[in-house]
Amino acid sequence: MPPGILKCFKVQMIVNRLKYSKLIRPTLYVLDILFISLLSFLFLGSRIFDLTFFIALWVVLSLFFSFYEVYRFTKVIKIISLLSKQIIVFILSVVSYFYIIGFEVGSKKLFLFTILNFIVLIIWRIFIHLIFRKYRVITGSNYKKVLVIGSNDSTKRLEQFFNTKPGYGYKYAGFFTNNDIDNKKGNINDSYEYVIDQEIDEIYCSVKELTNDQIKEFIEFCDVNVKVLKFIPDNDELYAKNLHLDYYDLIPILSLRQIPLEDYLHSFTKRLFDIVFSLLVICFILSWLIPVLGLVIKLESKGPIFFRQNRPGIKEKGFGCYKFRSMGINSRSEDSAARNDPRVTKVGKFIRKTSIDELPQFFNVLFGSMSVVGPRPHLWKQNEMYGTKISKYMVRYFVKPGITGLAQVRGYRGEIETKHDIVNRTKYDIFYIENWSLLMDFNIIVQTVLNVVQGEDKAY
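No experiment lies behind these values; they were computed from the predicted model shown.

Peer 1: When you look at the packing of aromatic side chains in this model, what are you seeing that I'm missing?
Peer 2: Aromatic ring pairs are reported here in terms of the distance separating the ring centres and the angle at which the planes meet. Here the structure, examined in full by the defined rule, presents 20 aromatic pairs. An angle of 35 degrees between the planes, with centres 5.0 Å apart, marks the rings of Tyr192 and Phe218 as tilted. Pair noted here: Tyr192 is in helix H6 (residues 191-197) and Phe218 is in helix H7 (residues 212-225), with a separation of 26 residues, a long-range link. An identical accessibility class is assigned to Tyr192 and Phe218; each is buried. Ring centres of Tyr386 and Tyr393 lie 6.0 Å apart, and the angle between their planes is 55 degrees; this geometry places the pair in the tilted category. Taken individually, Tyr386 and Tyr393 each receive the classification buried, so the pair is uniform in this respect. Three or more aromatic residues joined by ring pairs form one cluster here, namely Phe53, Phe54, Trp58, Phe90 and Tyr97. Seen from the ring of Tyr428, Lys427 lies directly overhead, with NZ or CZ sitting 5.2 Å from the centre.

Peer 1: Help me understand the nonpolar core, please; the structure alone is not making it clear to me.
Peer 2: Across soluble globular proteins, nonpolar side chains show a tendency to be buried alongside one another. In this structure, Leu286, Leu293, Phe324, Phe362, Tyr432 and Ile444 are the most contacted members of the largest nonpolar core, which totals 34 residues. Looking at this core, the elements with two or more residues in it are helix H8 (264-300), strand E8 (318-324), helix H9 (346-353), helix H10 (361-367), strand E9 (371-373), helix H12 (406-409), helix H13 (419-434) and helix H14 (438-454). Setting aside residues no more than four positions away along its own chain, Tyr432 makes contact with Lys270, Val373, Gly374, Pro375, Leu406, Met440, Asp441 and Ile444. Membership of the second largest hydrophobic core comes to 27 residues, among which are Tyr29, Phe65, Tyr68 and Leu83.

Peer 1: I would appreciate a short explanation of the packing of helix H2 (residues 48-65) against helix H3 (residues 76-101) in the present structure.
Peer 2: A pair of packed helices is characterised by two quantities: the angle between their axes and the separation of those axes. Packing of H2 against H3 leaves a shortest axis separation of 10 Å and a crossing angle of 145 degrees. Considering the relative orientation of H2 and H3, their crossing is right-handed. Residues Phe49, Asp50, Phe53, Phe54, Leu57, Trp58, Leu61, Ser62 and Phe65 of H2 touch H3, and the partners they reach there are Leu82, Lys85, Gln86, Ile87, Val89, Phe90, Ser93, Val94, Tyr97, Phe98 and Ile101. Class assignment for the residues of the contact of H2 with H3 results in 15 nonpolar, three polar and two charged.

Peer 1: Got a minute to help me understand the pairing of strand E1 (residues 144-149) in this structure?
Peer 2: Strand residues, when the strand is regular, have side chains that alternate between the two faces of the sheet. Taking burial as the measure, the six residues of E1 include five buried ones, the bulk of the element. Pairing analysis gives five bridges linking E1 to strand E2 (residues 170-176), with the strands arranged parallel. Paired with Ile149 across the bridge in E2 is Phe176. Once you follow E1 into helix H5 (residues 153-164) and on to E2, the crossover reads as right-handed.

Peer 1: Would you mind going over the pattern of salt bridges with me for this structure?
Peer 2: It is possible for side chains of opposite charge to pair when their charged atoms get near one another. The full count for this structure, using the stated rule, is five salt bridges. A salt bridge links Lys392 to Asp223; its shortest N-O distance comes to 3.6 Å. Of this pair, Lys392 sits in the loop between helix H11 (380-386) and strand E10 (402-404) while Asp223 sits in helix H7, and the two are 169 residues apart along the sequence. The structure contains a network of salt bridges with shared partners spanning Lys323, Glu358 and Arg376.

Peer 1: What should I look at first to understand the packing of H8 against H9 in this one?
Peer 2: At a closest axis distance of 9 Å, the pairing of H8 and H9 adopts a crossing angle of 145 degrees. Of the residues in H9, those in contact with Leu293, Val296, Ile297 and Glu300 of H8 are Lys346, Val347 and Ile351. Taken together, the residues of the contact of H8 with H9 sort by class into five nonpolar, no polar and two charged.

What counts and what doesn't
Residues numbered from 1 in each chain as written. Predicted model: local features only at pLDDT ≥ 70, side-chain atom pairs only at ≥ 80, totals over all residues. Heavy atoms only, no water. Phe/Tyr/Trp six-rings, centres within 6.5 Å; stacked < 30°, edge-to-face > 60°. Helix = DSSP H or I, 4+ residues; strand = E, 2+ residues; numbered from the N terminus. Buried < 20%, exposed > 50% of the residue type's maximum accessible area, 1.4 Å probe, protein only. Lys NZ or Arg CZ within 6 Å of the ring centre and 35° of its normal. Core = buried A, V, L, I, M, F, W, Y, C linked by side-chain atoms within 4.5 Å. Contact = heavy atoms within 4.5 Å. Axes fitted to C-alpha atoms, helices over the stretch in contact; angles between N-to-C directions. Left-handed = near helix turned anticlockwise from the far one by under 90°. Nonpolar A, V, L, I, M, F, W, Y, C, P; charged D, E, K, R; others polar. Pairing = 2+ DSSP bridges. Right-handed = clockwise from strand over helix to strand, strands pointing away. Salt bridge = Lys/Arg side-chain N within 4 Å of Asp/Glu carboxyl O.

See below:
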């Protein structure tokens with residue numbers, strides 16, 4: 001077993017460098033929309049309703065064409081191609097809209113509206129892309145620390161890319177190989193500890209120099225330690241459903257998985273939904289439920305109304321998870337509740353059966369430590385038990401934990417009684433992470449409500 005994996009048994013508080021790049025995509029959205037709205041008002045005489053429709057249309061098209069999925073390694077020609085598709089379809093849709101509502105727009109004004117959109121947005125987008133490359137070179141910030149496994153022609157080209165093009169935002173930390181080569185950091189087995197100690201962000205593996213067992217070890221290591229793993233595809237035997245191909249200049253790079261919520265627009269959309277949904281629950285349910293249920297809890301047993309427990313969240317950062325207290329005061333708070341658990345009070349049985357005890361977690365959602373839907377936050381003790389024993393278990397920590405999740409609505413909630421339970425819970429959690437959509441969140445919420453109404457066998 002790679003030595004770095006053993007570090008997951010220690011509670012790691014991973015300190016992430018502050019990356020203002022998370023604001024780039026939302027800022028581009030706002031600026032683009034403001035510019036389009038201004039042109040629409042000046043040249044097309046658009047009304048408030050028209051502007052609202054154009055904004056919604058722009059956002060929908062950007063999702064369809066992946067217009068804002070521009071990364072540090074994206075080529076300028078790719079940016080121009082995405083922008084051209086976006087604007088052409090947008091203009092055609094605007095013309096169709098005015099035709100349907102019977103609003104006449106002069107051909108000269110429409111021509112100017114189209115040309116200005118093309119010229120200004122292309123110049124603006126290329127300018128921003130180049131400015132950020134220059135910014136990374138001057139300040140040395142907004143970079144990712146990268147490590148290469150292997151030494152051959154492919155890895156040397158990649159090394160040259162990292163070292164000669166700092167504007168892309170990669171900081172090369174060296175390479176590991178079992179070959180007898182000067183300047184290497186060490187053998188492949190030495191790389192695991194180095195990745196942890198040096199806080200490496202991304203690992204690039206040359207498949208040519210790795211056995212299948214070594215590839216599996218790297219996948220497991222990166223999953224456990226929440227590192228990004230990418231492959232240099234110089235071996236025809238490497239293939240998988242979720243591999244995603246990118247190009248760094250002319251160098252092909254395979255990413256192990258694509259996580260939708262790493263896209264800032266998707267992340268922003270989910271966060272906005274979380275805020276709105278949690279506020280509705282807090283205002284219309286918890287505002288009256290807390291004093292009523294709190295009185296009942298206090299009358300039955302001594303102790304606080306709420307139970308706060310430290311649990312691992314996104315990137316395995318600890319947070320205080322809140323619940324209505326459903327047990328008497330005891331010293332076994334790190335033990336999961338079992339069927340007919342003597343610690344559970346009478347009112348506790350009811351609120352656990354109906355999942356009412358989980359409702360205070362909407363405060364966690366509002367303040368950003370949880371999401372409405374996501375993998376359920378486990379106990380630290382469970383991380384130690386399953387972190388290295390259950391394949392891909394630690395992938396759950398690539399996203400925020402949720403009040404409910406896909407695994408829960410599929411019947412894998414509550415106490416983990418067998419290995420089958422944790423394996424399937426992990427499987428559903430990873431499927432959710434790799435296939436997230438807002439529609440999936442809605443479906444899970446509806447199914448959760450239905451399950452509560454119908455009653456669940458494992459709700460105890």
